[in-house]
Amino acid sequence: MYAGKARAYTNIALIKYWGKKDEQLILPMNNSLSLTLDAFYTETCVEFDETLTEDQFFLDGTIQESKQTKKITAFLDLVRQRHQIELFAKVDSQNFVPTAAGLASSASGLAALAGACNQALHLNLTDTELSRLARRGSGSACRSIFGGFAEWQKGTSDQTSFAKAIDADGWEDELAMLFVLVDDGVKDISSRDGMRRTVETSSFYSGWLDSIETDLTAAKQAIAEKDFVKLGEVTEANSLRMHGTTLGAVPPFTYWSPESLKVMQLVREIRKNRLPCYFTMDAGPNVKILVEKKHLATLKHSLAEHFSSEQLISASAGPGIKLLPVEGSEKS
Ligand code: ADP
Ligand code: DP6
C-alpha cells in the first residue's frame, strides 16, 4: 500500500481561463491569473492498494458513482502510466467548499489529488511539475499549487503549460474576497461543458480572446503597482466579458441568476457611495467581491441587510498546497 494526503485551497481567477485548445492535455486558449484563498479547501487521501479490483472515490464520506469516479480514474491512469504503477486506488476526499457550485471545488479537489499522489508514490515533484500534473485533472487546479497570486501560462505543450506564483510583495495580504452564496447547489452546466460549448459555438468567443492580453497586462501592472482600483476594474470587466461569451453560444446559456444580478447591482451602488469593491463570477451563480481588507467589515455590513451571515463568507489570500500526515502512516 502506498498512501499520501494533501490539502489544497481553492483559487478564484481575476483573469479567467475560459476555453481549451487541447481537451486531452487541458491546454488553455489563454493565460489566466488567480488569487488562492484561505476559506475553502479540499483534503484528499489516496491509497494505492493491492487488494482493490477497481478505483474507489469517496467524496465527503459517500462513495461516488461511476460518472464521478471516471474523472478520478482518468487522472490516476495518467499517474499510473507515467510511474509504472498497476495498483488501483481508494481516493477519500473531503471538500470544505460546496461541490460544483462555481466555487472552484475542481481546482482544490484536483490539486489535492495531485498532491496526495505525489506524496503516496514518492514522486518528489517540483511545484512546476505538480502544477502540470494537477492541470491534467482540471485546468484551474494548476494554479492552486501556489499561494497568493498565480498566473497559468498557457504554453504550447504538456511541458510548457503550468502556473507560476506572482510575487506581489505581500500585497495579497491586504486584500480580501467576500463570497456571496446565492445558491450552493450543483450547477446545470459544468465549467468543462460550458467552456466547450462556448469555444465551439459562440460568435463572441473571438472577442474574448482579443481582450485577454490587455486585461492580463493591466492586472499584472496593477499587482506590481499595488493599485487596487486598477486590479478591481480589470477583474470585473474580464469576468463580464467571459460571461458575455455564453450568451452568444448555441444554444445560449448563462450562469447568472436574478440573485447574482442583485449582488452585482449592490456592488455598483456600494462602490459609488462608499468604498472600492469589484465583483467576479465563475461557472455558477455565486458572486465573489474583491475588496481591500480594511473595507471588508463595512462591505459585509452593507450587504448584511440583504443576505444572511451564512451567505456571506470572507476569505483572505491563502497558502499553496500542503502535504499532510496520513493517518496510520506506517502503512505507506
Ligand atoms: P466548481 O465550480 O465547483 O469547480 P466544476 O463544474 O468546475 O465546479 O467542477 C466540479 C467537478 O470537480 C466535480 O463534478 C468533480 O468532478 C470535481 N471535484 C470536485 N471536488 C472534488 C474533489 N474533492 N476531488 C476530486 N474531484 C472533485
Ligand atoms: C470559470 O478548471 O473547472 O472557473 O479544466 O475543464 O476542469 P476544466 O475546467 P475548470 O474551469 C474553471 C473555469 C472558471 C475560470 C477560472 O477558474 O479560471
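Residues numbered from 1 in each chain as written. Chains lettered and ligands numbered in written order. Predicted model: local features only at pLDDT ≥ 70, side-chain atom pairs only at ≥ 80, totals over all residues. Heavy atoms only, no water.

Colleague: Describe the nonpolar core, and please don't skip the residues or the numbers.
Modeller: One finds Val46, Phe48, Phe149, Phe179 and Leu231 to be the most contacted residues of the largest nonpolar core, which totals 80 residues. At nine residues, helix α2 (residues 105-120) tops the list of elements feeding residues into this core. Residues in contact with Phe179, not counting those within four places in the same chain, are Ile12, Leu37, Phe40, Leu103, Val287, Lys288, Gln311, Leu312, Ile313 and Ala315. Membership of the second largest hydrophobic core comes to 21 residues, among which are Met264, Met281, Val287 and Phe307. (Core = buried A, V, L, I, M, F, W, Y, C linked by side-chain atoms within 4.5 Å. Buried < 20%, exposed > 50% of the residue type's maximum accessible area, 1.4 Å probe, protein only. Helix = DSSP H or I, 4+ residues; strand = E, 2+ residues; numbered from the N terminus. Contact = heavy atoms within 4.5 Å.)

Colleague: Explain the site of ligand 1 to me, using residue names and the numbers behind them.
Modeller: For ligand 1, the set of nearby residues contains 20 residues, the closest of which are Ser93, Asn95, Ser105, Lys187 and Ser191. At 2.8 Å from a nitrogen atom of ligand 1 is found a side-chain nitrogen or oxygen belonging to Asn95. For ligand 1, whose accessible area on its own is 570 Å², the fraction buried by protein is 89%. For the shell around ligand 1, the secondary structure elements donating two or more residues are β5 (56-59), α1 (66-82), β7 (88-96) and α2. At four residues, α2 tops the list of elements feeding residues into the shell around ligand 1. (Near = heavy atom within 4 Å. Polar contact = N/O pair within 3.5 Å; in protein donor to acceptor, adjacent residues only side chain to side chain. Areas by Shrake-Rupley, 256 points an atom, 1.4 Å probe, with all protein chains shown as cover.)

Colleague: I'd like a description of the layout of surface pockets, backed by residues and values.
Modeller: Roughly 200 Å³ of internal volume is contained in the second largest pocket. If you trace the second largest pocket, you find 11 residues lining it, with Lys5, Cys45, Glu47, Asp92 and Glu327 closest to the centre. It is β7 that contributes the most residues to the lining of the second largest pocket, four residues altogether. Looking at the lining of the second largest pocket residue by residue, the classes come out as three nonpolar, one polar and seven charged. (1 Å grid on protein atoms, 1.4 Å probe; cavity = no way out; pocket = protein on both sides within 12 Å on 5 of 7 lines; lining within 4 Å. Points joined across faces, edges and corners; volume = space filled by probe spheres on them. Nonpolar A, V, L, I, M, F, W, Y, C, P; charged D, E, K, R; others polar.)

Colleague: Now, about the pattern of salt bridges: what can you tell me, with residues and values included?
Modeller: Evaluation of the coordinates by the stated rule reveals 18 salt bridges. The closest approach of N and O atoms between Arg7 and Glu43, which form a salt bridge, is 2.8 Å. Note that Arg7 is positioned in strand β1 (residues 2-15) and Glu43 in strand β4 (residues 32-49), a separation of 36 residues in sequence. You'll find Arg7 and Glu43 in the same group, each marked buried. (Salt bridge = Lys/Arg side-chain N within 4 Å of Asp/Glu carboxyl O.)

Colleague: Residue-level account of the packing of aromatic side chains, with values.
Modeller: If you walk through the whole model with that rule in mind, you get eight aromatic pairs. Ring centres 5.4 Å apart and planes at 45° place the aromatic pair Tyr9 and Tyr41 in the tilted group. Of this pair, Tyr9 sits in strand β1 while Tyr41 sits in strand β4, and the two are 32 residues apart along the sequence. When its relative accessible area of 8% is taken as the criterion, Tyr9 is described as buried. When the ring of Phe253 is compared with that of Tyr255, the centres are 5.5 Å apart and the planes differ by 90°; the resulting orientation is edge-to-face. Accessibility assignment for this pair places Phe253 and Tyr255 in one class, buried. An aromatic cluster of three or more residues is present, and its members are Tyr9, Tyr41 and Phe96. Lying over the aromatic face of Phe58, Lys90 brings its terminal NZ or CZ to 5.2 Å of the ring centre. Geometry around Phe307 places Lys262 over its ring, the cationic atom sitting 5.0 Å from the centre. (Phe/Tyr/Trp six-rings, centres within 6.5 Å; stacked < 30°, edge-to-face > 60°. Lys NZ or Arg CZ within 6 Å of the ring centre and 35° of its normal.)

Colleague: Give a detailed account of the UniProt feature "domain: Diphosphomevalonate decarboxylase-like N-terminal" (unreviewed entry) in the chain, specifying residues and quantitative values.
Modeller: As annotated in UniProt, the feature "domain: Diphosphomevalonate decarboxylase-like N-terminal" (unreviewed entry) corresponds to residues 8-163 in the numbering used here. In this annotation, residues 8-163 is assigned 28% helix and 34% strand; the end-to-end C-alpha distance for the span is 15 Å. (UniProt positions renumbered as here; feature names shortened; annotations may be inferred.)

Colleague: Which residues make up the site of ligand 2, and what values do they have?
Modeller: The local shell around ligand 2 holds 17 residues, among which Tyr17, Lys20, Ser138, Gly139 and Ser140 are the closest. Contact distances for ligand 2 include 2.6 Å between an oxygen atom and a side-chain N or O atom of Ser138. In the environment of ligand 2, an oxygen atom lies 2.7 Å from a nitrogen or oxygen atom belonging to the side chain of Arg192. Counting residues per element, the shell around ligand 2 draws most heavily on helix α4 (residues 191-201), which supplies three residues. Tallied by class, the residues present in the shell around ligand 2 amount to seven nonpolar, five polar and five charged.

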